[in-house]
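A look at the structure
Now for the letters of each chain:
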Amino acid sequence: MGNVYVLDHPLIQHKLTYIRNKSTGTKEFRELVDEVAALMAFEITRDLPLEEITVETPVTEAKTKILAGKKIGLIPILRAGLGMVDGILRLIPAARVGHVGLYRDPETLKPVEYYIKLPSDIDERELIVIDPMLATGGSANDAIHSLKKRGAKQIRLMCLIAAPEGVELVQQQHPDVDIYLAALDEKLNEKGYIVPGLGDAGDRLYGTK
Ligand code: PRP
Ligand code: URA
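Keep in mind it's a predicted model, so treat the numbers as computed, not measured.

Calculation criteria
Throughout, a residue's number is its position along its own chain's written sequence, starting from 1. Throughout, the order in which chains and ligands are written sets their labels, letters from A for the former and numbers from 1 for the latter. Reporting in this predicted model follows two pLDDT cut-offs: at least 70 for local features of residues, and 80 or more for side-chain atom pairs to be given and counted; totals over whole chains, interfaces and linings ignore these cut-offs and use all residues. Based on all heavy atoms of the structure, the side-chain values leave hydrogens and waters out of the count. Only DSSP runs of H or I reaching four residues or more are called helices, and only runs of E reaching two or more are called strands; each is numbered from the N terminus. Throughout, the radius of gyration refers to the C-alpha atoms, and the reference size of a globule is 2.2 Å times the residue count to the power 0.38. Throughout, a residue-residue contact means that at least one pair of heavy atoms, one from each residue, lies within 4.5 Å. Each accessible area value is a Shrake-Rupley result obtained with a 1.4 Å probe; residue values ignore everything except the protein chains displayed when judging cover. All tallies of charge rest on Lys and Arg as positive and Asp and Glu as negative; His and the ends of each chain are not included. A single reference atom marks each charge: NZ on Lys, CZ on Arg, CG on Asp, CD on Glu. Nearness here has a simple test: a residue counts as near a molecule or strand if at least one of its heavy atoms is within 4 Å of that partner. Pairs of N or O atoms are called polar contacts if they sit within 3.5 Å, as long as, within protein, a hydrogen donor faces a hydrogen acceptor (for residues adjacent in sequence, only side-chain-to-side-chain pairs). Here the nonpolar group is Ala, Val, Leu, Ile, Met, Phe, Trp, Tyr, Cys and Pro; Asp, Glu, Lys and Arg are the charged ones; every other residue, Gly included, is treated as polar. Think of it in three bands: with a 1.4 Å probe and only protein chains considered, a residue is buried below 20% of the maximum accessible area for its type, exposed above 50%, and partly exposed in between. As used here, the arc is the angular range of directions from the helix axis to the C-beta atoms. UniProt positions are given in the numbering used here, feature names are shortened, and annotations may be inferred rather than shown by experiment. Axis definition: a line fitted to C-alpha atoms, over the contacting stretch in the case of helices. Angles run 0 to 180 degrees between N-to-C directions. Angles below 35 degrees are treated as roughly parallel, those above 145 as roughly antiparallel, those between 65 and 115 as roughly perpendicular, and all remaining angles as oblique. Should the near helix be turned anticlockwise from the far one by less than a right angle, the crossing is left-handed, and should it be turned clockwise, the crossing is right-handed.

Some details on the overall build of the protein chain
Per the secondary structure count, the protein chain includes six helices and 13 strands. The C-alpha atoms of the protein chain give a radius of gyration of 18 Å, which matches the 17 Å a tight globule of 209 residues would have. Principal-axis analysis of the C-alpha atoms gives the protein chain an extent of 65 × 40 × 30 Å. Residue pairs at least 24 apart in sequence account for 64% of intrachain contacts in the protein chain once pairs closer than 6 positions are excluded. Of the roughly 11000 Å² of accessible surface on the protein chain, 52% is carried by carbon and sulfur atoms. Each charge sign in the protein chain was given a centre, from 26 positive and 30 negative side chains, and these centres are 3 Å apart.

See below:
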């Protein structure tokens, strides 16, 4: 079973409060999502393996460390996942970015895939699937299935807010995938929105309705 980590860093929790607040406008919402994504990326990359190398400092030779192991791939789920990409890229600028386009049919709540474009070497990368919301889990589940079908071997999922239903689906379908959240909320409402949640992440990021 994949692990679920709720990242309780005070800065993440503080900023999430403003993200949830319906009075927060588009500009500030977008900035806060970007900042929280960066903070979450900092937290979830703590376990990346290091290797020792030697460099010449202006003074002498130093044994020091660089990242070893697999390279990173970021996979935002369109559209709302895009709002988290730049924040993560500030910390991991060499990461490749693949895109999975999915929207939730408002009637059935089932995800519909409309676009996919991935780095050619996803099988050699540690992939981080990014989406602010994990509600029924349908979108993340389908995105992860799509990635695995195309060769992905190592996948983590990073979301701002999840409902228990979404976590359960991903854990059941993808027990190899660890899930990183800023908050695990109470439930879904009858329209499939996370309660208390933050509303529609895509609409709030892009000022649509
Ligand atoms: C939202 C959100 C997730 C999905 C979560 O996207 O960004 O992708 O819903 O719901 P689920 O877990 O029940 O699948 P939406 O379909 O609204 O598309 P958008 O990002 O283009 O606004
Ligand atoms: N998608 C969103 O953007 N918000 C929710 O609460 C659920 C799905």
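From this point on, the discussion continues.
Things to note about the site of ligand 2
What surrounds ligand 2 is the set Arg104, Met133, Ala135, Gly192, Tyr193, Ile194, Gly199, Asp200 and Ala201. Note that an oxygen atom of ligand 2 is positioned 2.8 Å from one of the backbone N or O atoms of alanine 201. Counted by class, the shell around ligand 2 contains five nonpolar, two polar and two charged residues.

Here we look at helix α5 (residues 164–173)
Looking only at α5, the buried set comprises Gly166, Val167, Val170 and Gln171. When α5 is viewed along its axis, its buried side chains cluster within an angular range of 130° and face the same direction. Turned more than 90 degrees away from the buried face of α5 sit Glu168 and Gln172, all of them exposed.

What to know about the UniProt feature "binding site: 5-phospho-alpha-D-ribose 1-diphosphate" (unreviewed entry) in the protein chain
In the numbering adopted here, UniProt assigns the feature "binding site: 5-phospho-alpha-D-ribose 1-diphosphate" (unreviewed entry) to Arg79, Arg104, Asp131, Pro132, Met133, Leu134, Ala135, Thr136, Gly137, Gly138, Ser139 and Asp200. Following the sequence through the fold, proline 132 ends up in the loop between β8 (125–130) and β9 (133–134). Of the residues examined, proline 132 reaches a relative accessible area of 1% and is grouped as buried. In contact with proline 132, other than residues within four places in its own chain, are Ala80, Gly81, Met84, Cys159, Leu160, Ile161 and Ala201. Secondary-structure assignment places glycine 137 in the loop between β9 and α4 (138–149).

Notes on the packing of α4 against α5
Relative orientation of the contacting elements α4 and α5 amounts to 20°, with a least axis distance of 9 Å. With respect to α5, the axis of α4 lies roughly parallel. The handedness of the crossing between α4 and α5 is right-handed. Mapping the contact onto sequence places Gly138, Ala140, Asn141, Ile144 and His145 in α4 and Leu169, Val170 and Gln173 in α5. Looking at side-chain class alone, the contact of α4 with α5 contains four nonpolar, four polar and no charged residues.

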